[in-house]
Amino acid sequence: MQLTDGTWTYDTDVINAAVINEYRDWYERDMLNAFTRYAYYRYKQIRDCINGRKCKHMTIDKVREQLKSTDKLQFTCELLSISAEEIWYIIDFADQHLKYVK
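None of these values were measured; they are calculated from a predicted model.

Cut-offs used in this document
Residues numbered from 1 in each chain as written. Predicted model: local features only at pLDDT ≥ 70, side-chain atom pairs only at ≥ 80, totals over all residues. Heavy atoms only, no water. Pairing = 2+ DSSP bridges. Helix = DSSP H or I, 4+ residues; strand = E, 2+ residues; numbered from the N terminus. Salt bridge = Lys/Arg side-chain N within 4 Å of Asp/Glu carboxyl O. Buried < 20%, exposed > 50% of the residue type's maximum accessible area, 1.4 Å probe, protein only. Phe/Tyr/Trp six-rings, centres within 6.5 Å; stacked < 30°, edge-to-face > 60°. Axes fitted to C-alpha atoms, helices over the stretch in contact; angles between N-to-C directions. Parallel < 35°, antiparallel > 145°, perpendicular 65-115°, else oblique. Contact = heavy atoms within 4.5 Å. Nonpolar A, V, L, I, M, F, W, Y, C, P; charged D, E, K, R; others polar. pLDDT = per-residue confidence, 0-100.

**Observations concerning the pairing of strand β2 (residues 8–11)**
In the sheet, strand β1 (residues 2–5) pairs with β2 via four bridges, with the strands oriented antiparallel. For Thr4, the partnering residue across the bridge sits in β2 and is Thr9. Where β1 folds back onto β2 in an antiparallel hairpin, the turn is made up of two residues, including Gly6, whose phi is positive at roughly 65°.

Shown next as C-alpha cells:
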C-alpha cells in the first residue's frame, strides 16, 4: 500500500523493513522520520474525527473501539479522504512505534 503526503510517497513494505532494520542509511532514516511525523498528524486527525469531546483525548484502544462502527469509519474516511486500510495501518503504526501515543 502507498501513502502520500505532499511530496513524500511512503510504501508500507519499505516502512516496515526500515523499522525492523537496525542499521539505516540516510534515506531510510529521513523517510522513517518523515513518516513518523505524518502518522502522528494523521492519528490526531482520526482521533479528533471520532471524538466528540476534543479537549479529552482518547486512548488508542478507545479509538480502535470507536472505529469498529462502520458509520464512524466511513465518516472518517470521507472527511480525511483516505481509505479504511490506511486508517488501520496508521492506527497500528501509532500503537507500535509512537511512544507519545497512549
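**Describing the pattern of salt bridges**
The final tally for this structure, using the stated rule, is four salt bridges. Between Arg29 and Asp30 there is a salt bridge, with its nearest N and O atoms 4.0 Å apart. The class of Asp30 is partly exposed, set by a relative accessible area of 32%. Across the pair Asp48 and Arg47 runs a salt bridge, and its minimum N-O distance is 3.6 Å. The exposure class assigned to Arg47 is buried, which follows from its relative accessible area of 9%.

**A look at the environment of Thr7**
Structurally, Thr7 can be placed in the loop between β1 and β2. Between the C-alpha atom of Thr7 and that of Ile87, which follows or precedes it by 80 residues, the distance is 20 Å.

**Some thoughts on the packing of aromatic side chains**
Inspection of every chain in the model, using the stated rule, returns seven aromatic pairs. Where Tyr10 meets Phe35, the ring centres are 5.0 Å apart and the plane angle is 65°; that geometry is what we call edge-to-face. Remark: Phe35 occurs in helix α2 (residues 26–50) and Tyr10 occurs in strand β2; sequence separation between them is 25 residues. Relative accessible area serves as the criterion here: at 0%, Tyr10 is assigned to the buried category. Assessed through its relative accessible area of 0%, Phe35 is described here as buried. An angle of 85° between the planes, with centres 6.0 Å apart, marks the rings of Trp26 and Tyr27 as edge-to-face. Among the aromatic residues, those joined into a cluster by ring pairs are Tyr10, Phe35, Tyr38, Tyr89 and Phe93.

**Points about the packing of helix α1 (residues 12–20) against α2**
At their nearest, the axes of α1 and α2 sit 10 Å apart, and the two run at 110° to each other. The angle between the axes of α1 and α2 places the two elements in the roughly perpendicular class. Across the interface between the two elements, Val14, Ile15, Ala18 and Val19 of α1 pack against Glu28, Met31, Leu32 and Phe35 of α2. Taken together, the residues of the contact of α1 with α2 break down into seven nonpolar, no polar and one charged.

**A closer look at the confidence of the model for the protein**
When pLDDT is averaged along the protein, the result is 85; 96% of the residues meet or exceed 70. Considering each helix and strand of the protein separately, the mean pLDDT is smallest for β1, with a value of 78, and largest for helix α5 (residues 84–97), with 90.

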